[in-house]
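Okay, here's what each chain looks like letter by letter:
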Amino acid sequence: MKLVAPKGDGKKQVAAYNLCDGQHTQAEIGAAVSLDKGSLSRTISRWVDQGIVVRVGTGGDMRPLHVYPLPQESDPKKEKKNDGK
């Protein structure tokens, strides 16, 4: 989770990451989760640098593709409770 959204609650970033399924353009993802173009571009570039997203396609039709989707529940405190820790 911290790789996808290192700051804040990360709900928009998790939603954007999950839309990186190779079927949506970066513009479509930004519109769907209400992230501005520049912020989403920097975020996706960071994900690519971390190796959790790749870009597929050629030229103007490059689409981000995640390695695997994340569950929408992004609260690490709740995840710990569910693990019994």
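It should be noted that the structure appears before, not after, this text.
What counts as what
- Residues numbered from 1 in each chain as written.
- Predicted model: local features only at pLDDT ≥ 70, side-chain atom pairs only at ≥ 80, totals over all residues.
- Heavy atoms only, no water.
- Helix = DSSP H or I, 4+ residues; strand = E, 2+ residues; numbered from the N terminus.
- Buried < 20%, exposed > 50% of the residue type's maximum accessible area, 1.4 Å probe, protein only.
- Contact = heavy atoms within 4.5 Å.
- Areas by Shrake-Rupley, 256 points an atom, 1.4 Å probe, with all protein chains shown as cover.
- Axes fitted to C-alpha atoms, helices over the stretch in contact; angles between N-to-C directions.
- Left-handed = near helix turned anticlockwise from the far one by under 90°.
- Core = buried A, V, L, I, M, F, W, Y, C linked by side-chain atoms within 4.5 Å.

A. The arrangement of the overall build of the protein chain in detail. Helix and strand counts for the protein chain come out as four helices and two strands. For the protein chain, the sequential pattern of α-helices and β-strands runs α-α-α-β-β-α. Taken over 85 residues, the protein chain has a buried fraction of 28%. A sequence separation of at least 24 residues applies to 51% of the contacts in the protein chain between residues at least 6 apart. Put simply, the protein chain shows about 5700 Å² of open surface, and 53% of that area lies on carbon and sulfur atoms.

B. Region of interest: the packing of helix α1 (residues 11-19) against helix α2 (residues 26-33). The contact between α1 and α2 brings their axes to 9 Å, and the two run at 145 degrees. At the point where α1 passes α2, the crossing takes the right-handed sense. Facing K12, A15, A16 and L19 of α1, the residues of α2 in contact are I29, A32 and V33.

C. Geometry of the side chain of N18. Mapped onto the fold, N18 is located in helix α1. Taking the relative accessible area as the measure of exposure, N18 reaches 16% and is therefore buried.

D. Expanded view of the nonpolar core. V4, A16, Y17 and W47 are the most contacted members of the largest nonpolar core, which has 14 residues in total. Listed by contribution, the elements that provide at least two residues to this core are α1, α2 and α3 (37-50). When sequence neighbours within four positions are dropped, the list of residues in contact with V4 reads Q13, V14, Y17, R46, W47, I52 and L70.

The values reported here are purely geometric and, on their own, carry no functional implication.
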